[in-house]
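Notes for the structure review
These are the residues of each chain, in order.
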Number of protein chains: 2
Amino acid sequence: MTDAVRTGRVRAAHLGPERRRPEVLDAALAIAVKSGVGAVTIGAVAQHLGVTRPVVYSCFRDRVALIEALVEREGERLLASALAALHSARGDDPEAVFVRGYQAFLDVVADWPDAWRLLFSAAPDPAVADKFQRARREMAESATQWLRPALTAWWGVTDLDHKLPVLVELFMSSCEAAGRSLLDQPDDWTTQELGELYGRMICRAFSVA
Amino acid sequence: MTDAVRTGRVRAAHLGPERRRPEVLDAALAIAVKSGVGAVTIGAVAQHLGVTRPVVYSCFRDRVALIEALVEREGERLLASALAALHSARGDDPEAVFVRGYQAFLDVVADWPDAWRLLFSAAPDPAVADKFQRARREMAESATQWLRPALTAWWGVTDLDHKLPVLVELFMSSCEAAGRSLLDQPDDWTTQELGELYGRMICRAFSVA
DNA sequence: CAACGTTACTACAGAGATGTAGGAATTTCC
DNA sequence: GGAAATTCCTACATCTCTGTAGTAACGTTG
């Protein structure tokens, strides 16, 4: 009984690597969200799929490549949506822009909660830690592009080069906090309510930077 | 070459479990901060100490007990200091209180950066994840006790039961963000400057909650 | 200085994960 | 219906980490 549990499991369908790959990533995501990235082993993924390990190896060279592909896919998805959310928030009234921004952002979190959990509450082993960091850094980069003009145009923040990294850090953290609150207490808050509160608060915070 | 690297390493000093235990925890902390909690294996700790694995086993029953003790020690240290920091920030002017609070808190981070990194940017395996969560939850609990009267007394926040969890989440995240900024750019900001900025901003944010 | 208790080291057995080779089942295409 | 290609499964060798038993070195005390 070394590998596939010798129960009367039926032989898996003949999908082939191409069609199997997304299923593998789905399984990996489910495991990562439930038990942490460290639990994403080839064996665990195979078992979760009802398949033996060599099938998984036919889709991804090794464990690291699998997790990299997962972070890539989910990061892409989240970045694109979050960017769209930010771009949808434009206008002349800072508070209104912030409110709409957080609301749109929280809708994204609500749409892909697992992608969010993977990237922001996960436990990266050292082997793949840099991939996670890169994904987060890309989002921070987009946030910076969005924040910089706001800070100068609306509030004339002085000493921007000095403060910008700190403000971006705060902004990213506020997004994480909002996302956590939304996912932890899904019945207490709608994305609209929570986004409105956060938009008001953080807008106000930045106004005194 | 199964265990202790067969180089001409000298036999380790005869300290005994009691005196060795703190050294073991120090080594574990260093490894955890550098390479993640997942890298804290009995073997790695032993090697970092220049000792063989059974010596480590004489100090802690197993790997989980070791990590638990580590989280316990560092969490205790950080909680006590952070509590003292919060209690030192009292007064009638909300902004001044927040500024002093963040400043005192950032001094704690600066004093024990590794304890901070361990508890707030670490990667817990599922096996010990709950211990980490408990440590963080304890700090959040203290923060709640500190925040609740402020929110009612100063700003008469309505619907407090509903909002308090969200505001605590934001507050904790802001502390994490401030800590990260401090540790990532140690030359750009003093604890006083950064605490002043954060105190002003978050005070302002809560005032419109 | 000799005997005893303490401490550290060597060596082993087992669990679990990795990655691969070769054979069996299924599907596809004449 | 039968050969060929594709896909999956079994089985194996290896690695790393865990945890433990037995042995050698040290230090302390009479």
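Scroll up a little and you will see the structure.
Rules behind the numbers
- Residues numbered from 1 in each chain as written.
- Chains lettered and ligands numbered in written order.
- Predicted model: local features only at pLDDT ≥ 70, side-chain atom pairs only at ≥ 80, totals over all residues.
- Heavy atoms only, no water.
- Helix = DSSP H or I, 4+ residues; strand = E, 2+ residues; numbered from the N terminus.
- Buried < 20%, exposed > 50% of the residue type's maximum accessible area, 1.4 Å probe, protein only.
- Contact = heavy atoms within 4.5 Å.
- Areas by Shrake-Rupley, 256 points an atom, 1.4 Å probe, with all protein chains shown as cover.
- Lys, Arg positive; Asp, Glu negative; His and termini not counted.
- Charge placed at Lys NZ, Arg CZ, Asp CG, Glu CD.
- Core = buried A, V, L, I, M, F, W, Y, C linked by side-chain atoms within 4.5 Å.
- Expected span 1.5 Å × (residues − 1).

This paragraph deals with the overall build of chain A. A count of helical and extended segments in chain A gives nine helices and zero strands. Listing the helices and strands of chain A from first to last along the sequence gives α-α-α-α-α-α-α-α-α. Its C-alpha atoms put chain A at 65 × 35 × 25 Å along the principal axes. A total of 209 residues make up chain A; the buried ones form 48% of that total. In chain A, the proportion of contacts linking residues at least 24 apart, taken out of those at least 6 apart, comes to 68%. With the model as given, the accessible surface of chain A reaches about 9,900 Å², and the carbon-plus-sulfur share is 52%. Of the charged side chains in chain A, 24 are positive and 28 negative, and the gap between their average positions amounts to 8 Å.

If you look at the biggest cluster of nonpolar residues, it comprises 147 residues, and the most contacted ones within it are Val45, Leu66 and Phe206 of chain A together with Phe206 of chain B. If sequence neighbours within four positions are ignored, Phe206 of chain B has contacts with Met201 of chain A together with Phe98, Leu147, Leu151, Trp155, Leu167, Leu170 and Phe171 of chain B.

What follows deals with helix α7 (residues 126-155) of chain A. All names here are of chain A. The end-to-end C-alpha separation of α7 is 40 Å, in line with the 44 Å expected for 30 residues at 1.5 Å each. Those residues of α7 lying buried are Val128, Phe132, Ala135, Met139, Ala140, Ser142, Ala143, Thr144, Trp146, Leu147, Ala150 and Leu151. Of the surrounding secondary structure, the elements contacted by the buried residues of α7 are α4 (63-88), α5 (94-111), α6 (113-120), α8 (160-184) and α9 (191-207). Immediately downstream of α7, the backbone of Gly156 shows phi near 50 degrees, a positive value.

Any functional reading would require information that these geometric values do not contain.
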